[in-house]
Protein chains: 4
Amino acid sequence: MPNYLAFASDNYAGVCPEAWQAMAEANTGFVSSYGDDPWTAQACSLIRDTFETDCQVFFVFNGTAANSLALASLCQSYHSVICHELAHIETDECGAPEFFSNGTKILTAPGAEGKLDLAAVEQLITRRSDIHYPKPRVLCLTQATELGTVYTPAEVDAAGAFARQHGLRLQMDGARFANAVASLGCHPGDITWRAGVDLLCFGGAKNGMAVGEAVVFFKKELAEEFDYRCKQAGQLASKMRFLAAPWSGMLQNNAWIKRATHANRCAQTLADQLRAIPQVELMFPVQANAVFVSMPQALIDSLHRLGWHFYSFIGAGGARLMCSWATEESYIEALVSDISELSGHSC
Amino acid sequence: MPNYLAFASDNYAGVCPEAWQAMAEANTGFVSSYGDDPWTAQACSLIRDTFETDCQVFFVFNGTAANSLALASLCQSYHSVICHELAHIETDECGAPEFFSNGTKILTAPGAEGKLDLAAVEQLITRRSDIHYPKPRVLCLTQATELGTVYTPAEVDAAGAFARQHGLRLQMDGARFANAVASLGCHPGDITWRAGVDLLCFGGAKNGMAVGEAVVFFKKELAEEFDYRCKQAGQLASKMRFLAAPWSGMLQNNAWIKRATHANRCAQTLADQLRAIPQVELMFPVQANAVFVSMPQALIDSLHRLGWHFYSFIGAGGARLMCSWATEESYIEALVSDISELSGHSC
Amino acid sequence: MPNYLAFASDNYAGVCPEAWQAMAEANTGFVSSYGDDPWTAQACSLIRDTFETDCQVFFVFNGTAANSLALASLCQSYHSVICHELAHIETDECGAPEFFSNGTKILTAPGAEGKLDLAAVEQLITRRSDIHYPKPRVLCLTQATELGTVYTPAEVDAAGAFARQHGLRLQMDGARFANAVASLGCHPGDITWRAGVDLLCFGGAKNGMAVGEAVVFFKKELAEEFDYRCKQAGQLASKMRFLAAPWSGMLQNNAWIKRATHANRCAQTLADQLRAIPQVELMFPVQANAVFVSMPQALIDSLHRLGWHFYSFIGAGGARLMCSWATEESYIEALVSDISELSGHSC
Amino acid sequence: MPNYLAFASDNYAGVCPEAWQAMAEANTGFVSSYGDDPWTAQACSLIRDTFETDCQVFFVFNGTAANSLALASLCQSYHSVICHELAHIETDECGAPEFFSNGTKILTAPGAEGKLDLAAVEQLITRRSDIHYPKPRVLCLTQATELGTVYTPAEVDAAGAFARQHGLRLQMDGARFANAVASLGCHPGDITWRAGVDLLCFGGAKNGMAVGEAVVFFKKELAEEFDYRCKQAGQLASKMRFLAAPWSGMLQNNAWIKRATHANRCAQTLADQLRAIPQVELMFPVQANAVFVSMPQALIDSLHRLGWHFYSFIGAGGARLMCSWATEESYIEALVSDISELSGHSC
C-alpha cells in the first residue's frame, strides 16, 4: 500500500537512526540541567568544528522560536526585517517575529524562484527614511528557499555585501540548511559566515531530529545575553541533553549531509519522473528536497481522493511534494504511477 | 561511587522507561504534523480519562511556556496575577509571564510552608482598586509547592471559593502535579476542576519525560484560540507525536503515579534519616519529592567539597535535596552517610 | 509674502479659536485629575449628543495611540487587522499597532481612490484559515481616506455588513472624520454606529485642536477596562481637562463642522484652479481637504526651490496639498500663481 | 469658601501664566510638525543651557510614558529595574514600564523616608546571578521622592558611584525635579549628570504645564533612535510646538524654580502650622511640596466630610497634602483652621 503521507511535509517523517541513537545514549544517569552538561558541550563543539569558526550556539525547541528570537536579538521593536514575500517568517509563523520582538515589522520583497531580488530590496528600504516608518535593520535569507531552490555561495556573498553596504544585519533561516549544503556540495562556512551571514537558524527537525533547532551566532558579540532571552521566552530546555545530543549524532560521520542528500536525491528522482508526464509541469528548479508542480485541478482532486496528502497553499500555489530522510523509492514509484494513471499517461 | 548529582534537581534525571518506550513506539512512519496525529489524540484522550472531565489539552515544550501562555490567555497586560512569593513564575522564569502577557504584573503574597495565605491575598487585592494599579485577575497555586509541601483538597477548594468570590481565575502550576496527587492519594479531579481550578499546567519533565508539559483547560471556553497563541509563541511542535506519546506511556498503567510515588517515598526516606542527625533540621513538612534542610554552613561547604550538588538559593534558603523517579536507595545512603560523618554523628 | 508652509499638512496649522477659547476657560482653579472633572464629563456628553447614541468615550494624546489602543482592545496578538494598503496604521505609525497589540499583523488590501475593495479583502481573509497565519479580526476604514476621498454612507454600510458576515469588528480611523462628515453633509451616526462601525478614532488635532483624539466605543461592552489600557500605555492625561475642553469648544455651535467645511472648500477651490493648468493633473476626486496632483518633476523641484513645502511620498505619489481650518484664500492664490507661472501657463 | 481640592494633588492645579503665555505665543501661523519647528528647537536649547551640558532632549505627553520609554530604551525585556518600593513606576503606573519594555521586571528595595537604601539594593542585585532571574540593568531614583523628601547631591553621587560599580544605568524620575532643585538650591547638573545620572525624566505638568514631560539623555549615545521609539509608542506629538513652547516659558526667567519654590514654601508653611496641632504628626521631613501627616482616623473622616480632598493610599499611608504653584495662603489657613477646630485645638 502506498504511503500517502510521504510527500506532505518533511515534518511528517520521524526521527532518523543517528539522531535517535544519540538521544538514547544521552539517556543515562543524572546530568546538570539547562545546558550545563557534556552532551550540550559536545554538540556546540561539533557545530563549531563543522563551520570551522568560533561561533556561539544555542539550542531552542523549534524553527519559529529560533527565527523569532534571532530577529528579536538583532532588532528593536521599531525596526523592520526584510525577507522574501514567501518567507516562512512572513507566511507561516502566525506573527511570531512580531510577537517576540514586540512589534518589529516584516517587509517583503519579491524575487524569482523564491530568492530575494536585491534591487527590489534596495528600492524597498530606500523609499522611506523618516521616523514614521520602521527602520530597516535585518535582511533575512531562507536557505534552502520555500520553493526548493538554493542560493549559491555567490548569491549569499552578494547579499552579505548588500547588507553591509546598507547597515543591515544578515540572518539566515536555515530550516533546510542541510539540504542546501548537500545540494551545493560546498563548505557550510561558504554560505554563512564567510559570506557575511551574522546568524544562522540551523534546522534540526526537518533533517531528522525529534525537536530542536540551533541558533548559531557567527558574530559572537551579538550573542550577548541571548541565554536570558531564550529563558524568558520559554525556550530553555531543562533536560537540554535531549535537544543537544541528536546534533552530535547527526554531525558526527556527516549524517546530516547524508540524510539531506538522500532527501534531495529523492526530489530529483521524483522531478525527473514527473517531468515526463505531459499534464504535469515543474514550477521551479529542483535544488533541494521540494518539488513544486502545477497540475490540472481535476488531477489534484483525484490524487487527494485516492488518499495522497500534499499542500497547495504554500509558496506560489501548485502542489508541493516534499521528500525527507524517510522517503523511499517505492513511495515515489507509487505516487508517479498514480499521477501517470490519472493523467492518462502510460509510464 | 556516590552519584553526586542525584539530589540537585528532578530535572537532572533522564527519561523514565515508560516515557521512552512510548516515544520509541511513536517513531514509525509518517504522521501529520502539528498535533493532527493519532499519538496526540490518544494522549489528549487519556488526560481527559484521567481527570474524568471533557477538558481541552495542549502540549507545549516546557513549564515556563506552559505557565506563561496560560496566564497570558487569562489576562490582559494591565491585569495582575497573584502568587506565593516563592512561586516559580515569580522567582525562576526570568520575567517570562510578563513577557508573554506583554506586561501583566505579578503580585506576591506570603504564606507558611510555601502555601498562599488567602487572608494576605485578600488584603493585597483589596488595598487598591483604581486604574493606576493593575487589576487582579488570576490566582496561581503551585501544586506541589516550591517547598515540597502539598495543598490538600480542602485548601484548593478554599482557594477556588476565594477566586470565585473575588472574580479571579484560578490557575495551577503543576510542574510537580504528579507528586502532589501521589502524596494525597486523591483523584486528580479533586484538586483541580472539582475544586474550582480553571487551568492546570501539568508537568511532564519532572515526572520522567524528556520535554513537554500539558496545558489543561477545565473551562473549555477559556481555551478558545489557544492553539493560535501557542503557534505564535513558538510553542507548537512540528513533530508533535514526540511530545504527546510519552504522556500516553505515563498515563497508561498509572506509571505517572508510580514514578511520583517512588520519588516521594525516597524523599520520606531521606528525611527520616536526616531527622536523626542533630546538626540537620528539616525546614518543612516533606509531602512531595523535596527535602529542605538547614545545616551549618561549614557542613554545607564540606558536602560541596566532597562533590555533592544541591541548591541553596531556592525557596527560603537552606539546602534543597530533590528526589526523582531515578533516585536509588544507595544514593540516599551515600548522602546520609556523608552528612553523618561530616557532622560527627554516627548513624 | 506667500505662506510656504500652508499646504504641507493640516498638522502645521495651530489651534483654532473655539478650541483655544475652551482650553482657556478650563484653566481656572483646581479640578480632579485623570478625567474625573466637569470638563471631561461635558465633552463626553457632547460627543454622545453629537452621535445621538450612548457611546463610551476616552480621550488620548494622538491618533497613533488612538488607533493602536483601539486595535489592541479588539484583537489578540495572534489576530490580524485588515486595512487599505495606504492606510496610516500601515504606512505612517512606525509599527505602533503591532507594538501596542504585542504582534497583531496588519494585512493590506488594495482599492481604488484609497478605499478598500471588499472583494479583495474577502480574498485576503479567506485564503488561509490555518493556525500558521494570523486570524482576521478587525476591518479598518479610514474616513476621510489618505487620498482625500470619502466613503459614502452606503459604502460604510456595505463594509459593516461585510464585517458582520465575516465575524470581524469594524474600526474607523477618523483622523479627518470631521472633513468626511462635512463633505457628506450626513449625520455622523450614519457613517458610524448606524452603519456597523464598532469603534471610531475621532480626530481632534487636524480639525484644529492642540493635542488629543477621542476613542469612541459604540459597542459599550467593548470598552470594558479600556481605561486601564490607556493608563498602562501612557495615554491617560493627568490634567485631562486640557484634552477634553477643546472638544466642547468644537462640538458646541457646530464649530467642528464649520472648520472642516472651510478646509474642504479651500481644497475644492485649489483643485478648481489647478485643474485649469495643463501640466497639472488631479489624481483623485477631491472630497475632503486634500488635493493630490501629478506634476512634472521639474515643476515640483521649482516649487520646492521657491520655498513651498509639500510631501510627495504619501499615498500613491504625486504632490499632496493639504488645506486646514487655517488656510486662507491668499495662500491658494499665491500657490496657484507660482505653479501657473512655473508651468508657463497664464492664469 | 475654602478650596477643598487645593491639597489633593499638584495635578489638580491648572496651567501657570508663564507656560500658558508661551503656548499662546506659539499659536501663530503654520510651523512644521513632529518637532521640526523653532519652538521645539528653542526649548531643547534652553534645557541644554539649564543643565550646562550637551544633552539630547525629547518631549513626550506624560510622566508614565517618559519613565516607561526611558526604561525601555535602557533595558531589554529580560532585565530588571531597581527602584524604591514606593516609587511611582512600581505603585502608580499600572504596569506601564513592563508593558513598554515587553516584560522588564521591577524589583523594589526599601529605604527610609522614600530614599533607596543602597545596601539593600546591593543585597537585592547580588543575591542571584543565574539566567532564571532577570538581570539588573537600571537603578531608578525619584527626585523629589514620593514622600516629599529630596536626595542631596552627595546622595545622588553615591547612587551614581554605586550604579557604575555594578554596571547599572542610572535613571531619574523627576516628575517633581523642579521642587528638588528649588529645595536644594543647587545647580540642576549637580544632582543629574555630574552625579552620574544617565537619563532624567523631567516633569512639566506638576510644575505648571498643561501636558508634557522632557526626556533628557545626558549620555547622548543612549538616545540613539529614541525618536523612533517615541513615534512607535504613540508619544510623538504632531503639533509639538504646544508641548515644547511651555518649557521655554518656564525655563526663561527661572519661572520653573520660582513656581517650585512657591510650592515648596507653601508646604513648609503648612507643615509649620500643622506641627503645632497635637493630634497631627508630620511623618517625613518636608523638603519639597508634599506634607505627609498622620492624624486620627476620626479627624480624617471629619475633614473628608467637610469636603477636603486628599489621598491616603499613597506612599506609606497617612494623609498626603500637596502644594503646587497655585496654592494660596488662604487655602492653607482654611485647611489648618478646619483641622485645628476638628481636633479641638485652638490656633
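Refer to the structure printed above.
Residues numbered from 1 in each chain as written. Chains lettered and ligands numbered in written order. Predicted model: local features only at pLDDT ≥ 70, side-chain atom pairs only at ≥ 80, totals over all residues. Heavy atoms only, no water.

## What to know about the relation of the copies chain B and chain D
Applied cut-off: The fit set for superposing copies consists of C-alpha atoms from residues with pLDDT of at least 70 in both; the fit itself is least squares. Whether two residues are in contact is decided by their heavy atoms: any pair within 4.5 Å suffices.
Mapping chain B onto chain D leaves a residual RMSD of 0.0 Å; the transformation is a rotation of 180 degrees accompanied by 0.0 Å of translation along its axis. Within this description, the copies of the chain are treated as partners about a two-fold rotation axis. Same-surface contact between copies: 100% of interface residues of chain B are shared with the interface of chain D.

## Looking at the interface of chain A and chain B
Interfaces are often sized by the amount of accessible area the parts lose when they come together. Operational definition: Here the quantity called buried area is the total loss of accessible area, with a 1.4 Å probe, experienced by two parts when brought into contact, counted for both. Salt bridges, as used here, are contacts in which a Lys or Arg side-chain nitrogen is within 4 Å of a carboxyl oxygen on Asp or Glu. Counted as a polar contact is a pair of N or O atoms within 3.5 Å, where, for protein atoms, one must be capable of donating a hydrogen and the other of accepting one, and residues adjacent in sequence contribute only when both atoms are in side chains. Per the convention used, a helix needs a DSSP run of H or I reaching at least four residues, while a strand needs a run of E reaching at least two, with both numbered from the N terminus. Gly is put with the polar residues, along with every residue not named as nonpolar or charged; the nonpolar set is Ala, Val, Leu, Ile, Met, Phe, Trp, Tyr, Cys and Pro, and the charged set is Asp, Glu, Lys and Arg.
The interface of chain A with chain B comprises 51 residues on the first partner and 51 residues on the second. Approximately 4,200 Å² of surface area, both sides summed, lies buried where chain A meets chain B, with 58% of it carried by carbon and sulfur atoms. It is Phe30(A), Gln232(A) and Lys239(A) in chain A that bury the most area against chain B; as a group they hold 20% of the surface buried on that side. The tally of links between chain A and chain B comes to 0 salt bridges. Seen at the junction of chain A and chain B, the total is 30 residue pairs in polar contact (both at pLDDT 80 or more). Breaking the side of chain A that touches chain B down by element, the ones donating at least two residues are helix 1 (17–26), helix 3 (63–74), helix 5 (96–100), helix 9 (226–232) and helix 10 (241–251) of chain A. Looking at the side of chain A that touches chain B residue by residue, the class counts come to 27 nonpolar, 18 polar and 6 charged.

## Focus: the environment of Leu107(B)
Residues and elements named next belong to chain B. With respect to the element layout, Leu-107 can be found in strand 3 (residues 105–109). Separated by 17 residues in sequence, Leu-107 and Glu-90 have C-alpha atoms that sit 8.5 Å apart. Not counting the four nearest positions on each side in its chain, Leu-107 is found in contact with Ser-80, Val-81, Ile-82, Cys-83, Leu-124 and Tyr-133.

## Topic: the packing of aromatic side chains
Note the following rule: A pair of aromatic rings is counted whenever rings of Phe, Tyr or Trp (Trp by its six-membered ring) have centres within 6.5 Å, and the orientation is called stacked for planes under 30 degrees apart, edge-to-face for over 60 and tilted otherwise. For the exposure calls, accessible area comes from a 1.4 Å probe over protein chains only, and a residue counts as buried if that area is under 20% of its type's maximum, exposed if over 50%, partly exposed in between. Here, over-ring charges are defined by two tests on the NZ atom of lysine or the CZ atom of arginine: distance to the ring centre within 6 Å, and angle to the ring normal within 35 degrees.
In total, this model carries 78 aromatic pairs over all chains according to the counting rule given. Note on Phe177(B) and Trp256(B): the rings are 6.4 Å apart at their centroids and 10 degrees apart in plane angle, and the pair reads as stacked. Taken together, the positions of Phe177(B) in helix 8 (residues 177–184) and Trp256(B) in helix 11 (residues 255–275) put the pair 79 residues apart, joining distant regions of the chain. Accessibility assignment for this pair places Phe177(B) and Trp256(B) in one class, buried. Through a chain of ring-to-ring contacts, three or more aromatic side chains come together here, namely Phe51(A), Phe59(A), Phe177(A), Phe202(A), Phe218(A), Trp247(A) and Trp256(A). The ring of Tyr151(A) has Lys115(A) sitting right over it, with the charged end atom 6.0 Å from the ring centre.

## Focus on the interface of chain B and chain D
The interface of chain B with chain D comprises 21 residues on the first partner and 21 residues on the second. Roughly 1,800 Å² is buried in total at the junction of chain B and chain D, and carbon and sulfur atoms are behind 48% of that figure. Of all residues in chain B, the largest losses of buried area upon contact with chain D belong to Cys94(B), Asn102(B) and Lys105(B), amounting jointly to 29% of the total for that side. The tally of links between chain B and chain D comes to 6 salt bridges.

## Quick word on the pattern of salt bridges
Going through the model one piece at a time under the given rule, you end up with 56 salt bridges over all chains. Note that Glu52(A) and Arg194(A) form a salt bridge whose closest N and O atoms lie 3.3 Å from each other. With Glu52(A) in the loop between helix 2 (38–51) and strand 1 (56–60) and Arg194(A) in the loop between helix 8 (177–184) and strand 6 (199–203), this pair connects stretches of sequence that are 142 residues apart. Exposure remark for Arg194(A): the relative accessible area of 38% places this residue in the partly exposed category. The closest approach of N and O atoms between Arg128(B) and Asp130(B), which form a salt bridge, is 2.7 Å. The same class applies to Arg128(B) as to Asp130(B), namely buried. Here the residues in one salt-bridge network are Arg48(A), Asp54(A) and Lys220(A), joined through shared partners.

## Side note on the relation of the copies chain A and chain B
Between the two copies, chain A and chain B, the superposition gives an RMSD of 0.0 Å; the rotation angle is 180 degrees and the shift along the axis is 0.0 Å. Interface overlap between copies is the fraction of interface residues in one copy that are interface residues in the other; for chain A against chain B it reaches 100%, indicating a shared surface.

## Notes on the sheet that holds strand 3 (residues 105–109) of chain C
Each strand in a sheet pairs with its neighbour through backbone hydrogen bonds, running either in the same direction (parallel) or in the opposite one (antiparallel). Residues and elements named next belong to chain C. The test is simple: Here, any two strands with at least 2 DSSP bridges between them count as paired. To define axes, lines are fitted to C-alpha atoms, for helices over the stretch in contact only, and angles between the resulting N-to-C directions are given on a 0 to 180 degree scale.
Pairing is mixed across the open sheet formed by 7 strands, whose spatial order is 1-7-6-5-4-2-3. Two strands close off the open sheet at either side, each with one partner strand: strand 1 (56–60) and strand 3. Strand-to-strand, the axes of this sheet are offset by a mean angle of 25 degrees, without reference to chain direction. Across 4 bridges, the pairing between strand 5 (residues 169–174) and strand 6 (residues 199–203) is parallel. Of the residues in strand 6, the one forming a bridge with Asp-173 is Cys-201. Most of the contacts of helix 10 (residues 241–251) go to strand 1, to which it runs at about 120 degrees, and overall it touches strand 1, strand 6 and strand 7 (213–217).

Note that all results are geometric; they support no functional claim without further evidence.
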